[in-house]
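# Coordinate inspection notes
The primary structure of each chain is shown beneath.
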Amino acid sequence: MHSSRKAEGERGLPLRVFRKLVLRWCHNSTEQVTMARNGAINESPSSSYYLPQHDMEAGANGGENVPSDPFDITNTKNASLEMLKRWRQAALVLNASRRFRYTLDLKKEEEQEQRRRMIRAHAHVIRAALLFKLAAEREIGIVVKPPTSIGDYGITLEQLASMTRDHNFLTLQQYNGVKGLSGLMKTNLETGIDGNDDDILKRRNAFGSNTYPPKKGRSFLGFLWEAWQDLTLIILIVAAAASLALGMKTKGVKEGWYDGGSIAFAVVLVIIVTAVSDYRQSLQFKNLNAEKRNIHLEVIRGGRRVEASIFDLVVGDVVPLKIGDQVPADGILITGHSLAIDESSMTGESLIVHKDQKMPFLMSGCKVADGFGTMLVTGVGINTEWGLLMASISEDTGEETPLQVRLNGVATFIGVVGLVVALSVLSVLLARYFTRNTKDPDGTVQFVRGISIGDAVDDIIKIITIAVTIVVVAVPEGLPLAVTLTLAYSMRKMMADKALVRRLSACETMGSATTICSDKTGTLTLNQMTVVEAYVGKKKIDPPDDSSQFDLVVSTLLNEGIAQNTTGSVFVPKDGGDAEVSGSPTEKAILSWGIKMGMKFDIIRSESTLHRVFPFNSEKKRGGVALWLRNSEFHIHWKGAAEIVLASCSRYLDTTGCLQSMDEDKVFFKRAIDDMAGNSLRCVAIAYRPYEAEKVPTDEEQLDHWVLPEDDLILLAIVGIKDPCRPGVKDAVKLCQDAGVKVRMVTGDNLQTAKAIAMECGILDSNGDLNEPTIIEGPVFRALPVNERDIVAKQILVMGRSSPSDKLLLVQTLRKGGEVVAVTGDGTNDAPALHEADIGLAMGIQGTEVAKESSDIIILDDNFASVVKVVRWGRSVYANIQKFIQFQLTVNVAALVINVVAAVSSGAVPLNTVQLLWVNLIMDTLGALALATEPPTDHLMCRTPVGRREPLVTNIMWRNLIIQAFYQVGILLVLNFSGTSVLSLKKHNREYANDVKDTVIFNAFVLCQIFNEFNARKPDELNVFSGVTQNHLFMAIVSMTFVLQVIIIEFLGKFTSTVKLGWRLWVVSIVIGLMSWPLAVVGKLLPVPETPLAEFFTKPLRRLRAHVTCIKFPSRYGMCLKRNNEAPP
C-alpha cells in the first residue's frame, strides 16, 4: 500500500499540501483523544441500533446506591467498573493470576478502550487524507495503472486490497465499475462463481482465505507457571527445601530426604493437577470461542443461494445482504435498495452510512442497519482492515459471574477464619515448643538445653509448615474456580442441547429466571410455513393455489407483486427439477404459493425494473416496491400484516378482474381475517396501486427522500399461512410453569392468531381469563400510564401486534417489578430487548447477526424446548456449586477443628503437611471435578427459581454440614486422644502405637470425605445413589481417590509419615466413613426453619446500617422508617 501511495505522489499529488492537512488532522485527533480521556467527549456507543439501558439492579451510579457488601452484585451484565474493582480489592487471594483468570481483566479493558479511541482518531485522519487525495486525483486527472494479470485472473491481490482499503472510487471507474471488475475476477454478477472445489482453491491461492491468524493461546507450561504463583505453595517449597537440606545434613542422604522431599513432591503434584484442570478448561473455552466466530451466511454460487461458513468465503463471491447481517468481507456493492451500513465497529462513529453506486465500498465487520442488496467480495481475511484488527486483538474470555463474585466473598470469609486459626496454631505450637511442652512420640522433650541449631531450625520449620498448610486447606482458592469449571462443563454440554453460550453469567442467571418472553414464529412454532387459505375478492379460493378460479388480470398483478416485492429468490435447475425457494419462511411460503399458481419468477422480474424499495419494517409491519413496467406504466406493490394493509385499501379486484369499492365490503374482509387468525393462521394481504409516471422522482437525491404512497391501495388477495406448533412445545411450556417460570408470548402477529397459538402451546388455558390484560396488543400496553403498566405487565401472557419497542418496554417493566427476565429474539430491532433482559436468547437459524451479538445465549435450533433445557442447565450450575460448597466446608471445618484442638491440647497435629495437601487435592480439584460436573435432573425443575439474594449456604446445607462435621470431628478426636486403647494398641511400643493411631485418623478422615461426596450429590434427597452410575466422571474420581488412598497407606508411608494397616484397621476406617451415609439419612429427616440462618446474624447488622444511613441522609428518613417497619418518634 505504501509503495502505491509513493507512486501516486511521483505522478503529481501535491504532497506538501497533503502533509499539512494530515498533520492538522493528527493534531485535532490527538486533542480529541486527550479530551475523551478526560471525559470531555461523550463516546458514542458501539452500535447504533440501541443505547445500552441502565441496569436497574446494578446499582453502581451514585454513592447511596452502592451496596455496602462489595460481593453483593446480583447482575454482572451491566455492572460498573467501580463495582468490579471493589470486590477484587476486598477478596482475600493467595494466587491472583489464577483466581482472576476468568474474570474481566480491568487493566486490559482500560488499555483496549484507549486503543479504540486511538483507532477512531486514526480513522478520522485516514478519512480526511483519502478524501483530499481523491479530490486531488480527480482535479489533476491521474490515470490509474491498468490491472495486472495474475494466473487465471486479470487483477492482483495488491491492486484489489489497495483499491478497497483506500475506497478509491477513481480506480474502480478506471476498471469500468463493478461490472468490469467482476470480469477481471471471473465472476458472474447474477449467478456468482461456479463454486466447485477447484475454483475455490484457485481463488484462495490467488487472493487468500477469509481467516486470520488468531492470537496464540497459553501453553500448558504457562498454566504450570501460573499454578506455581500461589504464595502458600511457594512458602511450602522453601520450607521443603530447607527441611531437605537440614534432614540430609543431620540424618544423611538415604534417610534425611524423606520429610522435605515428600512435601516438595506433594506441592508439585498439587501444581500439576491444578495446571491440567485449568488447561482443559481453557481448551473448552477456546473451542467455544471458535464456534462463536463461525457465522453462517447465504452466498450465490452457480446461480443458487447456498449456506456457507464465513470462513469459506473467497474473493469473487456474490453475497446477498439484508438488515441485521454482518458484512462478511471487504467488497463492492452490486445492487442495493435503501442499503444503510453501520460502520461503528470500524470507525467508532454511530452514524449510518447509506451505500449506493457513488459510495459502493463495504467494510468487513460492519452491520447492515437497513435495506438489502448484493455485494462482490474483493478482500478477505488478513487483507481486510477487520482481519488485521481481529488478528491484533486477543480473544478475551474474561467475565465474572454473580456466583463467582459471591463465592469470592465466601472464600474470603473462610480464608480469614483459616488465617486466624493458622496463626493461632502457629503461636500455640511455638509457645509449647519453646516452653518445653512439646514431646516426641517416645515422650522425649524436643527443645532441651544443648540442642543443635540445625535440629531446632528443623523443628521450627515443621511447625511453620503445618501452619502454612492449614492456610492452604482453609483458604478455598478452588471455590470460585469451581464456578468456571461447572460453567465450562455446562457450556460444552449445552452445545449438544442446541444452545451456544456467549456470556458465562447467562448460564447461572438462567437458573434464576422467573419469566420467559418468547417469540411465536420459529420458537413455539416449526417455522415451516405454507399458504392454506386464500381470498381473492370476496371468494375463498379452494384449493388456494388454483389460479383458474380468478381472472388473468388478477393473476398477472398477483404474480408481479409476489415476484418483485420479496427478499427471497427462486432457482430453477437446468435439468428441470423442482424449483428451489430461498428467503425467510414467510417469503418462501408466498413464493411457493405463487409458483404453484404458475408464476415464472425470472421472467416476471425481467419484465419490470425496481425503482424504489421500502424494506419490510417490524414497526410498520409491511414492505413495498415501486416498479417501472416495459409499457412505461408505474406500479406500487405492498405486502404485510393483513389488517394494516387492508386499512390502506379503498378498492379491491374481484375474481373477474373488476374493481369494486371497499366501503361496503371491508367488514367481510375483517371477518375473513379474524376467522383465519382464529385458526392459528398468519394473515398477509397483497395490494397494489397504479401511479402517475410524471409524479415519480427521477433525480437520485429526490428519490432518496421519496416516500412510497401507501394510500388508495387496491386489494389483490389475503392469504392465511399455517405455521404448526412444534412437537413437544406444550410439554416444555408445562415444565416451565411447574418450575415457577411464567411463559409469555410476545409476537408481531394478529392478536387472534397469537391467542390461538398460545392455547395450542398451553400458555393460555381455555378455562382461564382470555381478556385484557391477560391478552393485550402492544400499542394498548404502550399507551397505559406508568403505574398501571407496572401492574398490568405481570398479568400479561400474550402480547400481539407488538413492535420491538413494546417488547423492550415489557422487559423493562418486568425487571423493574423484580422479575428475572429471559427474552427470545431474532430480528435486528430485537437487540434492545435482548440487551436489556437478564438473559437474551437469540435464534440461531432465523436470527440476524445484530441480534446474536446482543444476546447472551444463541438457541441453535430456534426451539422453545431448547430454551427450557437452558433453564435446567442454569439451575444445575447453581445446584452443583452448592453441592461443592457443602462438601468443601465440611472438610474445612473438620480439618481445622481437629488440628486446632489437637495442637492446643497436645502440641502435635494428627494430620501432617503432606496429608493435608492430599486432603486439599481431594477437596479442591478432584472434589470440584466430581461434584461440579453433575448433569441436570428432572428434580431441579420441581423447585421454584433460585432467588438472586438467596443465601449460597441454605439451611438444608447447614444441617447436613454441621451433622457430618460434628461426626467427623467427634470420632477423630476420640481416636486422637484415646486411639491407643480404642484400637487395642497398648501392647505395642508407644512410638509405633502413635504412628498407627495417626494413620487410622488420616485414613478414616479421607474415607469420610469419599463417602461424604455421595451425600453432597443430593443435599435434599434421601436416595443419594440415584443416577450415580450415569455420572462416569464422578465414579472415576471417587474410585481413583480410593485407590490412591490405598497406595498411600500401603506403599508410600515414608512420604506421608504413615504405616501399613492390617485388614481389621482398614475395616474400622471404612466403617467410620460408611457411617456418614445412615447419619445423612437421619439428618435429612430433621426439619429446618424457613428463615435462612444468615438472617439471624445479619438482621441486627442491617438494622444498624439502616439507622446510620438515615442519619447520614435525613431526606430518606421516612423511607428508612418504612423499610424497618418502625413508627416515627
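Residues numbered from 1 in each chain as written. Predicted model: local features only at pLDDT ≥ 70, side-chain atom pairs only at ≥ 80, totals over all residues. Heavy atoms only, no water.

## A word on the pattern of salt bridges
Applying the stated criterion to the full structure yields 30 salt bridges. Across the pair R204 and D312 runs a salt bridge, and its minimum N-O distance is 3.6 Å. Linking R204 in helix α9 (residues 197–207) with D312 in the loop between β2 (304–309) and β3 (318–322), this pair joins segments that are 108 residues apart in sequence. Given a relative accessible area of 34%, D312 falls into the partly exposed group. Of the charged contacts in the structure, one is a salt bridge between E934 and R1017, with a shortest N-O distance of 2.8 Å. Here the residue E934 occupies a position in the loop between α34 (913–931) and α35 (955–982), and R1017 occupies one in helix α36 (residues 990–1017), the gap between them amounting to 83 residues. One exposure class covers both E934 and R1017, and it is buried. Sharing partners across several salt bridges, the network here consists of D519, K807 and D830. (Salt bridge = Lys/Arg side-chain N within 4 Å of Asp/Glu carboxyl O. Helix = DSSP H or I, 4+ residues; strand = E, 2+ residues; numbered from the N terminus. Buried < 20%, exposed > 50% of the residue type's maximum accessible area, 1.4 Å probe, protein only.)

## A word on the packing of aromatic side chains
Scanning all chains against the criterion turns up 19 aromatic pairs. Ring centres of F265 and F1055 lie 6.4 Å apart, and the angle between their planes is 45 degrees; this geometry places the pair in the tilted category. Of this pair, F265 sits in helix α13 (residues 258–293) while F1055 sits in helix α38 (residues 1053–1056), and the two are 790 residues apart along the sequence. Here F265 falls in the exposed class, since its relative accessible area comes to 52%. Relative to W706, the ring of F634 has its centre 6.2 Å away and its plane inclined at 55 degrees; by these criteria the two rings are tilted. Of this pair, F634 sits in strand β16 (residues 634–641) while W706 sits in the loop between α25 (700–704) and β20 (713–722), placing them 72 residues apart in sequence. Each of the two residues, F634 as well as W706, counts as buried. (Phe/Tyr/Trp six-rings, centres within 6.5 Å; stacked < 30°, edge-to-face > 60°.)

## Re the sheet that holds strand β23 (residues 798–800)
Either a parallel or an antiparallel arrangement is found when strands of a sheet pair, and the pairing is made through backbone hydrogen bonds. What the eight strands build is an open sheet, ordered β8-β26-β25-β24-β9-β21-β23-β22; its pairing is mixed. With partners counted over all chains shown, the strands left at the sheet margins are β8 (499–501) and β22 (775–777), one partner each. The average undirected angle you get between the axes of adjacent strands in this sheet is 20 degrees. The pairing of strand β21 (residues 742–746) with β23 spans two bridges and is parallel. Looking across to β23, one finds that V746 is bridged to M799. (Pairing = 2+ DSSP bridges. Axes fitted to C-alpha atoms, helices over the stretch in contact; angles between N-to-C directions.)

## A few points about a negative patch on the surface
On the surface, D699, E700, E701 and D704 cluster together into a patch of negative charge. Along the chain, E701 turns up in helix α25. (Patch = residues over 30% accessible without salt bridge, like charges linked within 9 Å, V, L, I, M, F, W, Y side chains within 5 Å. Areas by Shrake-Rupley, 256 points an atom, 1.4 Å probe, with all protein chains shown as cover. Lys, Arg positive; Asp, Glu negative; His and termini not counted. Charge placed at Lys NZ, Arg CZ, Asp CG, Glu CD.)

## Here we look at the pairing of β2
The pairing of strand β1 (residues 296–301) with β2 spans six bridges and is antiparallel. Bridge pairing links H296 to S309 in β2. Between β1 and β2, which follow one another and run antiparallel, lie two residues, and G302 among them has a positive phi close to 65 degrees.

## Description of the nonpolar core
If you look at the biggest cluster of nonpolar residues, it comprises 151 residues, and the most contacted ones within it are I763, I839, I857, F864, I885 and F1005. Looking at which element gives the most residues to this core, the answer is helix α33 (residues 864–906), with 19 residues. Every residue in contact with I839, bar those within four places of it in the chain, is listed here: A506, T509, M510, A513, V820, V821, A822, V823, D856 and I857. (Core = buried A, V, L, I, M, F, W, Y, C linked by side-chain atoms within 4.5 Å. Contact = heavy atoms within 4.5 Å.)

## Overview of unusual backbone geometry
For the bond from D542 to P543, the omega torsion is 0 degrees, close enough to zero to count as cis. As for its placement among the helices and strands, P543 is situated in the loop between β11 (539–540) and α20 (552–564). A cis geometry characterises the amide bond from E772 onward to P773, with omega recorded as 0 degrees. Inspection of the secondary structure puts P773 in the loop between α27 (751–761) and β22. The backbone of H167 sits at a positive phi, close to 50 degrees, despite the residue not being glycine. Structurally, the position occupied by H167 is in the loop between α6 (157–166) and α7 (169–174). The backbone of K498 shows a phi angle near 65 degrees, a positive value even though the residue is not glycine. Position of K498 among the secondary structure elements: in the loop between α18 (478–496) and β8. The class of K498 is partly exposed, set by a relative accessible area of 41%.

## Description of the side chain of T890
Counting through the fold element by element, T890 comes out in helix α33. For T890, a relative accessible area of 1% corresponds to the buried category. Apart from the residues lying within four places of it in its own chain, the contact partners of T890 are L961, Q964, A965, Q968 and N1012.

## Some points on the packing of α33 against α35
Put simply, α33 and α35 touch, their axes get as near as 9 Å, and they point 30 degrees apart. Between α33 and α35, the crossing angle belongs to the class labelled roughly parallel. The handedness of the crossing between α33 and α35 comes out as right-handed. Contacts between α33 and α35 involve Q882, I885, Q886, L889, T890, V893, A894, V897, I898, V901, A902 and S905 on the former and, on the latter, M957, N960, L961, Q964, A965, Q968, V969, L972, L973, N976 and F977. (Parallel < 35°, antiparallel > 145°, perpendicular 65-115°, else oblique. Left-handed = near helix turned anticlockwise from the far one by under 90°.)

Limitation: the analysis is restricted to geometry and does not speak to function.
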